[in-house]
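Coordinate analysis (summary)
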Amino acid sequence: MKIAVLKEQLVGERRVAATPETVKKFVALGATVAVESGAGANAAISDAQFADAGASVGDRAATVADAGILLGVQGPDAASIAGAAPGAWVVASLNPFVERARVDAYAAAGFEALAMEFMPRITRAQSMDILSSQANLAGYKAVLDAAAEYGRAFPMMMTAAGTVSAARVFVMGVGVAGLQAIATARRLGAQVSATDVRAATKEQIQSLGAKAIFVENVKGIEGEGTGGYATEMSDEYKAAQAELVSSHIAKQDIVITTALIPGRPAPRLITDAQIATMRPGSVIVDLAVESGGNVEGSVAGEVVEIHGVRVVGHRNVASRLSADASALFARNLFNFLSTFWDKEAGKPVLDEEIGNAVRLTQGGKVVNERLLG
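So, here is what we can say about the structure in this document. (Residues numbered from 1 in each chain as written. Predicted model: local features only at pLDDT ≥ 70, side-chain atom pairs only at ≥ 80, totals over all residues. Heavy atoms only, no water.)

**Quick notes on the overall build of the chain**
Stated precisely, the cut-off is as follows: Numbering of helices and strands runs from the N terminus, with a helix taken as a DSSP run of H or I at least four residues long and a strand as a DSSP run of E at least two residues long. Values of the radius of gyration come from C-alpha atoms, whereas the globule rule sets the reference at 2.2 Å times the count of residues to the power 0.38. Contacts between residues were defined by any pair of non-hydrogen atoms, one from each residue, lying within 4.5 Å. Accessibility throughout is a Shrake-Rupley quantity obtained with a 1.4 Å probe, and a residue counts as covered only by protein chains that appear here. His is not counted, nor are the chain ends, whereas Lys and Arg count as positive and Asp and Glu as negative. A charge is said to be at NZ when it belongs to Lys, at CZ for Arg, at CG for Asp and at CD for Glu.
When helices and strands are counted, the chain shows twelve helices and 19 strands. For the chain, whose C-alpha radius of gyration is 22 Å, the value lies close to the compact-globule estimate of 21 Å for 373 residues. Expressed as a percentage of contacts within the chain between residues at least 6 apart in sequence, the contacts between residues at least 24 apart total 62%. Summing over all exposed atoms, the chain offers an accessible surface of approximately 16,300 Å²; the carbon and sulfur share of this is 51%. In the chain, 34 positive and 39 negative side-chain charges are present, and the distance between their average locations comes to 4 Å.

What follows is the structure, given as structure tokens:
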């Protein structure tokens, strides 16, 4: 089995889908590994390091030639991997709801596309979950980005010249990214509060030493969807939440929004009118900006000023920590493939539960239920 590691083509994508650590592990399984030259350059991994780990290094054509498994961070164009073996697996974050045309192209070319972001959130798949590993870093980086834009200190400081008040940080959406944002802001000395539509997160917020801001006694409070994701709330809940957030947000120095609903535009959490209530110099970081944004007026790839508030909309935040993000992403891919590795067959053989969840295309057709419904 030849495994090809591709250099990312998307502008701004600095991660790589394998590291010397995972290359060695794949070789130990009996696979051969080919890495496209320059694939790790933006993640501080040289071609020589890949070669020392046991990989061959060459151009795209040589890397892809006869490969049975193609590893990427973002899904490659089908035409660029045409030299791969018939029925080759494409294993990456494939963004199938947005990049449906590319998924159709994989099917037409005979590839078996496996979307890592469709990994079910079950206990045995935790080590394969790219969304969690990358969101953890994004939540951390969001706080650092906020601190860089904020013109004041985070912790309370008592000095001979007077006292500096602690920054007040409000985290909206308490998934993996939100929890890490809370923990990071707390470590920096901020006063932290957080909210979520899922009642189960209240104890998680409090366990990190933050104040939980929740709508009480309103239908829709549970908000728990499939796989632990949030779902759409009732109109009554949305109205109550907007009122609660409006009164709270006006007192905050920094707000970090992380709310996403799989396969749908990001929910709007902060309006222009609410931004206007914040004091000048405050900062909002919108981690959902690439999915439509939680914040009215946020712009993907830009830091904009609205009513004197700096609204940060960096793209691909995990990629801004490319070395660590690559290490975790690569381990997710290795954990996935090695778990199903069949020594006799010399390749991974997926089971029904996880295979059906992540498989988008097979036998020239799109087969995933989430794309056929």
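Continuing now.
**Let's talk about the nonpolar core**
This is how it is decided: Grouping buried Ala, Val, Leu, Ile, Met, Phe, Trp, Tyr and Cys residues that are joined through side-chain atoms within 4.5 Å yields what is termed a nonpolar core. For every residue, the accessible area (1.4 Å probe, protein chains only) is compared with the maximum for its type, and the residue is labelled buried under 20%, exposed over 50%, or partly exposed between those bounds.
In terms of nonpolar packing, the biggest core is built from 37 residues, with Leu71, Val91, Met119, Phe336 and Ile354 touching the most fellow members. Among the secondary structure elements, those contributing two or more residues to this core are strand S1 (2-5), helix H1 (20-29), strand S2 (32-36), strand S4 (69-74), strand S5 (89-93), helix H10 (322-339) and helix H11 (352-358). A per-element tally of this core places H10 first, with five residues. Contacts of Ile354, omitting those with residues within four sequence positions, involve Met119, Pro120, Ile122, Arg124, Ala125, Met128, Phe336 and Phe340. Counting 24 residues, the second-largest nonpolar core is a separate cluster that includes Val143, Val171, Phe214 and Val283.

**Observations concerning the pairing of strand S13 (residues 283-286)**
Counted only if it meets this: Between any two strands, at least two bridges found by DSSP are needed for them to pair.
Here S13 shows a buried face lined by Val283 and Val285 and a second buried face lined by Ile284 and Asp286. Summarising the sheet, strand S12 (residues 254-257) and S13 pair through four bridges and their orientation is parallel. Considered in S13, the bridge of Val255 is made with Ile284. With three bridges joining them, S13 and strand S15 (residues 309-312) adopt parallel strand pairing. When the bridges of S15 are listed, Ile284 appears paired with Val311.

**Comments concerning the pattern of salt bridges**
Close approach of charged atoms lets side chains of opposite charge pair. Note the cut-off: The term salt bridge refers to a pairing of a side-chain nitrogen on Lys or Arg with a carboxyl oxygen on Asp or Glu at a separation within 4 Å.
Within the structure shown, the criterion is met by 16 salt bridges. Where Glu21 meets Arg331, a salt bridge forms, and the shortest distance between an N and an O atom there is 3.1 Å. Here Arg331 lies in helix H10 and Glu21 lies in helix H1, a separation of 310 residues in the sequence. Here Asp129 and Arg121 are joined by a salt bridge, their closest N and O atoms 3.2 Å apart. Residue classification places Asp129 among the buried residues on the basis of a relative accessible area of 7%. One continuous salt-bridge network, built from bridges that share partners, spans Glu21, Lys25 and Arg331.

**As for the side chain of Ser132**
Defined as follows: As used in this structure description, the phrase polar contact means that two N or O atoms lie within 3.5 Å; if the pair is within protein, one of them must be able to donate a hydrogen and the other to accept it, and residues adjacent in sequence are counted only when both atoms belong to side chains.
Among the secondary structure elements, Ser132 is positioned in helix H5 (residues 130-149). Judged by relative accessible area, which is 19%, Ser132 ranks as buried. Here Asp129 takes part through its side chain, which lies 2.7 Å from a polar atom of the side chain of Ser132. Each residue touching Ser132, except ones within four places of it in the same chain, is listed here: Arg121 and Val176.

**Quick word on the environment of Glu296**
Residue placement: Glu296 occurs in the loop between S13 and strand S14 (303-306). Relative accessible area serves as the criterion here: at 33%, Glu296 is assigned to the partly exposed category. In sequence terms Glu296 and Asp272 are 24 residues apart; their C-alpha atoms lie 5.7 Å from each other. From its side chain, Glu296 meets the backbone nitrogen of Asp272 in a polar contact 2.8 Å long.

**Details of H10**
Since the α-helix turns once every 3.6 residues, residues separated by three or four places project in the same direction. The condition that has to hold: The span one expects for a helix is its residue count, reduced by one, times 1.5 Å.
Between its terminal C-alpha atoms H10 stretches 25 Å, which fits the 26 Å expected from 18 residues at 1.5 Å a residue. Every buried residue of H10 is accounted for by Ser322, Ala325, Ser326, Ala327, Phe329, Ala330, Asn332, Leu333, Phe334, Phe336 and Leu337.

**A few points about the packing of H5 against H10**
How we decide: The axes used here are C-alpha line fits, helices contributing only the stretch in contact, and every angle between their N-to-C directions lies in the interval 0 to 180 degrees. Note that the term roughly parallel is reserved for angles under 35 degrees, roughly antiparallel for angles over 145, roughly perpendicular for angles of 65 to 115, and oblique for everything else. The hand of a helix crossing depends on one turn: near helix anticlockwise from the far one by less than a right angle means left-handed, and clockwise means right-handed. Asp, Glu, Lys and Arg are counted as charged, while Ala, Val, Leu, Ile, Met, Phe, Trp, Tyr, Cys and Pro are counted as nonpolar; the rest, among them Gly, fall into the polar class.
One way to put it is that H5 packs onto H10 with a least axis distance of 9 Å and a crossing angle of 165 degrees. By the angle between their axes, H5 is roughly antiparallel relative to H10. Along this stretch, H5 crosses H10, giving a crossing that reads as right-handed. Of the residues in H10, those touching H5 at Ile130, Ser133, Gln134 and Leu137 are Asp324, Ala325, Leu328, Phe329 and Asn332. Partitioning the contact of H5 with H10 into residue classes produces five nonpolar, three polar and one charged.

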